[in-house]
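Now for the letters of each chain:
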Amino acid sequence: MTHTGFIGLGAMGAPMAAHLAQAGQLRMVYNRSPARAEAFAATHGVVAAERIEAVARACEVIVICVSADEDVKAVCEQLAPGLQAGSLVIDCSTVARETACAVAGQLEALGVGFVDAPVSGGTEGARQGSLTIMAGGREADVQRAHPTLALMGGAIHHMGPVGAGQATKAVNQVLCAGINRAVTEALAFGESLGLPMDAVVDVVGSGAGGNWFINHRGKTMLRQHYPLGFKVSLHAKDLAICSAMAQSAGVELPLTEQTRRDYAELMEQGCGDEDISALYRLIRPLPAPSAND
């Protein structure tokens, strides 16, 4: 049995790690907030490490799921003293392709394999173990990572060398930005026409315009309810990565830039921790004034 460690027990990481624990593969966890790691360890019968280096010393495979590029770099730097040659690090965070390549190079010098494996599917997919995982790395490393990834995801795709997973995730995030914008705009348009909007969601959701977002968030947006699947602040962070990649490639992403501006406004309003469907707050039509106004 492979001894696996997990670093980062946030909204995505905790349910992902839970699947590893349920399969008997998880040995140790670490979280920046110790209380969260200790609670998880007590529930799932694993060890809560006090230091990241301890995870490296105790485990052959380490999964990382943190929020930002600097977090990934810091985690890998702290793992390095305890890593043994032949260990494997799997990073499920969403970061820049350049970050993945830089970390992989540092670990390779230690004889440690690395796979960038960002995920898509939100907290629902994490809880259900149905995430789509986009992997980048050497064939042998990705094959070795596959049994671990399969416990957390329903579809694992090897997209190419290190960094290809993050590049594919960037494409995914641009799509999410455009779909979010299109769905919120369409619902606002429908409401302005006085249509029965629950029925509209059912109809268009089953046609050529149907997509996951309208089918799972359409009716909740109409009720101004935004169940958390993916935070505005995190998507904004991801889109900043996409914007930098596009600028480097000489490509324009107008929908992405509009969504970034919208998210900035939402975050200024204190909505950064809400689901990205909260974009509807900015786009939905205002109620028509009553005759008494």
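Our structure's up above, just so we're on the same page.
In this report, we go over the structure that sits alongside the text. (Residues numbered from 1 in each chain as written. Predicted model: local features only at pLDDT ≥ 70, side-chain atom pairs only at ≥ 80, totals over all residues. Heavy atoms only, no water.)

**Side note on the pairing of strand β4 (residues 61-64)**
In step 1: Burial along β4 is two-sided: the face carrying Val61 and Val63 and the face carrying Ile62 and Ile64 are both buried.
In step 2: Where strand β1 (residues 4-7) lies against β4, four bridges are found, and the strand directions are parallel. Pairing of glycine 5 across the sheet is with isoleucine 62, part of β4.
In step 3: As paired strands, β4 and strand β5 (residues 88-91) are joined by four bridges and run parallel to one another. Bridge pairing in β5 places valine 61 opposite leucine 88.
In step 4: The β-α-β motif built from β4, the intervening helix α4 (residues 69-79) and the parallel element β5 has right-handed crossover chirality. (Buried < 20%, exposed > 50% of the residue type's maximum accessible area, 1.4 Å probe, protein only. Helix = DSSP H or I, 4+ residues; strand = E, 2+ residues; numbered from the N terminus. Pairing = 2+ DSSP bridges. Right-handed = clockwise from strand over helix to strand, strands pointing away.)

**Remarks on the nonpolar core**
One broad rule of soluble globular proteins: the nonpolar side chains tend to lie buried together.
In step 1: Membership of the largest hydrophobic core comes to 30 residues, with the highest contact counts inside it found for Phe6, Met16, Leu26, Ile90 and Cys92.
In step 2: When contributions to this core are tallied by element, the ones reaching two or more residues are α1 (13-22), β2 (26-30), α2 (34-44), β4, β5, β8 (131-136) and α7 (139-150).
In step 3: Of the residues forming this core, the biggest block, five residues, is contributed by α1.
In step 4: Apart from residues lying up to four places away in sequence, methionine 16 is in contact with Phe6, Cys65, Cys92, Val119, Ala126, Leu131 and Met152. (Core = buried A, V, L, I, M, F, W, Y, C linked by side-chain atoms within 4.5 Å. Contact = heavy atoms within 4.5 Å.)

**Structural notes on unusual backbone geometry**
In step 1: You will see that glutamine 224, though not glycine, has its phi angle at about 55°, which is positive.
In step 2: Along the chain, glutamine 224 turns up in the loop between α10 (212-222) and α11 (232-249).
In step 3: Overall, glutamine 224 belongs to the partly exposed group, its relative accessible area being 45%.

**Considerations on the layout of surface pockets**
In step 1: Reported here for the second largest pocket is a volume of approximately 240 Å³.
In step 2: Every residue lining the second largest pocket is counted, 14 residues in all, and those nearest its centre are Ala170, Cys242, Met245, Ala246 and Ala249.
In step 3: Elements supplying a minimum of two residues to the lining of the second largest pocket: α5 (97-108), α8 (164-192) and α11.
In step 4: By residue number, the principal contributor to the lining of the second largest pocket is α11, which donates six residues.
In step 5: Grouping the constituent residues of the lining of the second largest pocket by class yields eleven nonpolar, one polar and two charged. (1 Å grid on protein atoms, 1.4 Å probe; cavity = no way out; pocket = protein on both sides within 12 Å on 5 of 7 lines; lining within 4 Å. Points joined across faces, edges and corners; volume = space filled by probe spheres on them. Nonpolar A, V, L, I, M, F, W, Y, C, P; charged D, E, K, R; others polar.)

**Focus on the pattern of salt bridges**
In step 1: As enumerated under the stated definition, the model contains 16 salt bridges in all.
In step 2: Note that arginine 217 and aspartate 275 form a salt bridge whose closest N and O atoms lie 3.3 Å from each other. Of the two residues, arginine 217 sits in helix α10 while aspartate 275 sits in the loop between α12 (254-268) and α13 (280-283), which places them 58 residues apart along the sequence. For the pair formed by arginine 217 and aspartate 275, the shared burial category is buried.
In step 3: Shared partners join several salt bridges into a network, and the residues in it are Arg51, Glu53 and Arg57. (Salt bridge = Lys/Arg side-chain N within 4 Å of Asp/Glu carboxyl O.)

**Looking at the side chain of glutamine 25**
In step 1: Within the secondary structure, glutamine 25 is located in the loop between α1 and β2.
In step 2: We classify glutamine 25 as buried; its relative accessible area is 10%.
In step 3: At a separation of 2.7 Å, a polar atom in the side chain of glutamine 25 contacts the side chain of threonine 148. (Polar contact = N/O pair within 3.5 Å; in protein donor to acceptor, adjacent residues only side chain to side chain.)

**A look at α12**
In step 1: Helix length check: α12 (15 residues) gives 21 Å between terminal C-alpha atoms against 21 Å at 1.5 Å per residue, within 8%.
In step 2: Residues of α12 that are buried: Thr256, Thr259, Asp262, Tyr263 and Leu266. Buried residues in α12, looked at end-on, bunch into an arc of 120°, giving them a common side. Among the exposed residues of α12, those pointing more than 90 degrees away from its buried face are Pro254, Arg261 and Glu268.
In step 3: On its buried side, α12 packs onto α8, α11 and α13.
In step 4: Phi turns positive one or two residues past the end of α12, at glycine 270, with a value near 85°. (Expected span 1.5 Å × (residues − 1). Arc of directions from axis to C-beta.)

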